[in-house]
Amino acid sequence: MPLVLALSAVTVTLTTALALLPSALRETPIESPSVPLVDSQAERWFVVRSSSGSWYLNGEPMASNLLARILMGPDLPPGGVSFLPSSARSASLVADDLAWLQSNSAGPVRLQLEEIQL
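Rules of the game
- Residues numbered from 1 in each chain as written.
- Predicted model: local features only at pLDDT ≥ 70, side-chain atom pairs only at ≥ 80, totals over all residues.
- Heavy atoms only, no water.
- Buried < 20%, exposed > 50% of the residue type's maximum accessible area, 1.4 Å probe, protein only.
- Helix = DSSP H or I, 4+ residues; strand = E, 2+ residues; numbered from the N terminus.
- Pairing = 2+ DSSP bridges.
- Salt bridge = Lys/Arg side-chain N within 4 Å of Asp/Glu carboxyl O.

K.L.:
It is not clear to me how the pairing of strand β4 (residues 81–85) should be interpreted in this structure. Could you clarify?
P.N.:
On any regular strand, side chains alternate: one points to one face of the sheet, the next to the other face. Of all five residues making up β4, five are buried, and the element is well covered by its neighbours. Along β4, one buried face is formed by V81, F83 and P85 and the opposite face, lined by S82 and L84, is buried too. Strand direction decides the pairing type here: strand β1 (residues 45–49) and β4, joined by five bridges, are parallel. Among the inter-strand pairings, W45 is bridged to a residue of β4, identified as V81. Strand direction decides the pairing type here: β4 and strand β5 (residues 109–111), joined by three bridges, are parallel. If you follow F83 over to β5, its bridge partner there is L111.

See below:
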């Protein structure tokens, strides 16, 4: 009886492996999307949204219409724009702010949640 169980287990294992072999061979490798690398030392702009809803560009208070005009300008820095939301803002407000920045910027906007080491 133990011999029959052992042979049955081997048979089931081998037939399962053979059945899965064609699908394993057909599977295409997952390609990661090409993300442009940004030099961490490259100059970039920092946009902050305070808990009260005020915008700041590199530490300077900025009206939203002026900020949009600057972000659509041709002289964006090579490091892009980093968005630093206030931790007091809700996730939905931060998502709205990020969407607004992305739609009003000529270049990519990256969400940055950690503190900046200068």
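Back to the text.
K.L.:
Sorry, what's going on with the pattern of salt bridges here?
P.N.:
Any two side chains of opposite charge can pair if their charged atoms end up close together. Evaluation of the coordinates by the stated rule reveals two salt bridges. Measuring nitrogen to oxygen at the nearest pair gives 3.8 Å for the salt bridge that ties R49 to D97. Highlighted residues: R49 in strand β1 and D97 in helix α3 (residues 91–103), separated in sequence by 48 residues. Residues R49 and D97 agree in their burial class; the two are buried.

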